[in-house]
Amino acid sequence: MTERPEISCLLANVCRTMPYTSYIGISSYAVVFRSRGAAFLALGLVGNELVNHLVKLILKHLVGGSSAVLRRPESAADSGIYPQHYPVKSTTSGMPSGHAQTSAFCAVVLSHAAWDVTTASLPSLCYIWGVSLVVMASRTRFGSIFAVMVDGQRVAQHTLLQVVVGAVVGGLLGQGAAEWWYGGTRTLFCEIAAVGVVTATGAFAVMEKSFAGHGKHASRETELEPTKLVLPADSESLLP
């Protein structure tokens, strides 16, 4: 039986595991129903995950893990896909948000699939994007009941910028995957756009690091040394 404290965290735990449980659901559908489309979507999700890790690695290498753009919010803790028994502060890079990127990737691809099946797909689209947006919001300070709770407090795991960048990258990759699957011609454009978003984020992070270093250097130069009173060697003879 589910206890009351567990019930209060139910929605948050569903959101935190949603991108990864989608792997199981889609892979299971591909195996059980021998769906070629679901199998390729599962491979696309794996590729999307690898892209997220690669982008984080590149940005961290370019600007360092101490960059404010890459750092998670100060309150971030227990940011993994499964709850920790003893939550610790999250120090990993949060740019871009993996949850947002995976949610947007799935939402875009599934939207194409829903639209392809029937023209009366508004309820399906509302459900797809509703779930996706809730998962994204759950990672920010606007997560409310969907946010992860640590020591009785709901905490943000990502900044808004990290979630937005993750959603844009995932959405563009999803659009590129859908274009490729349905025989479109804009796949290359979507891939270039995704690279452009990542590049712009990296440039912003470099600027942030540069200005932060400049400000720190300037403040060091303008810091006043404490005034020291130097008395002559025979000053004791001058005292009464």
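The rules behind these values
Residues numbered from 1 in each chain as written. Predicted model: local features only at pLDDT ≥ 70, side-chain atom pairs only at ≥ 80, totals over all residues. Heavy atoms only, no water. Helix = DSSP H or I, 4+ residues; strand = E, 2+ residues; numbered from the N terminus. Phe/Tyr/Trp six-rings, centres within 6.5 Å; stacked < 30°, edge-to-face > 60°. Buried < 20%, exposed > 50% of the residue type's maximum accessible area, 1.4 Å probe, protein only. pLDDT = per-residue confidence, 0-100. Contact = heavy atoms within 4.5 Å.

Draft legend 1. Representation of unusual backbone geometry. The linkage connecting methionine 95 with the following residue, proline 96, adopts the cis geometry, with an omega of -10 degrees. Structurally, proline 96 is set in the loop between helix 3 (36-63) and helix 4 (98-117).

Draft legend 2. Highlighting the packing of aromatic side chains. Scanning all chains against the criterion turns up five aromatic pairs. Ring geometry for tyrosine 20 versus tyrosine 23: centroids 5.7 Å apart, planes at 75 degrees, classification edge-to-face. Of this pair, tyrosine 20 and tyrosine 23 both sit in helix 2 (residues 10-32), three residues apart, which is roughly one turn of the helix. Residue tyrosine 20 is classed as partly exposed on the basis of its relative accessible area of 22%. Relative accessible area serves as the criterion here: at 17%, tyrosine 23 is assigned to the buried category. Joined through ring pairs, the aromatic side chains of Phe40, Trp180 and Trp181 make up one cluster.

Draft legend 3. Just the confidence of the model for the chain, in detail. Averaged over every residue, the pLDDT of the chain is 75; residues scoring 70 or more account for 65%. Confidence drops under a pLDDT of 50 for residues 214-227, and excluding neighbours within four residues, the segment shows zero contacts in the predicted structure.

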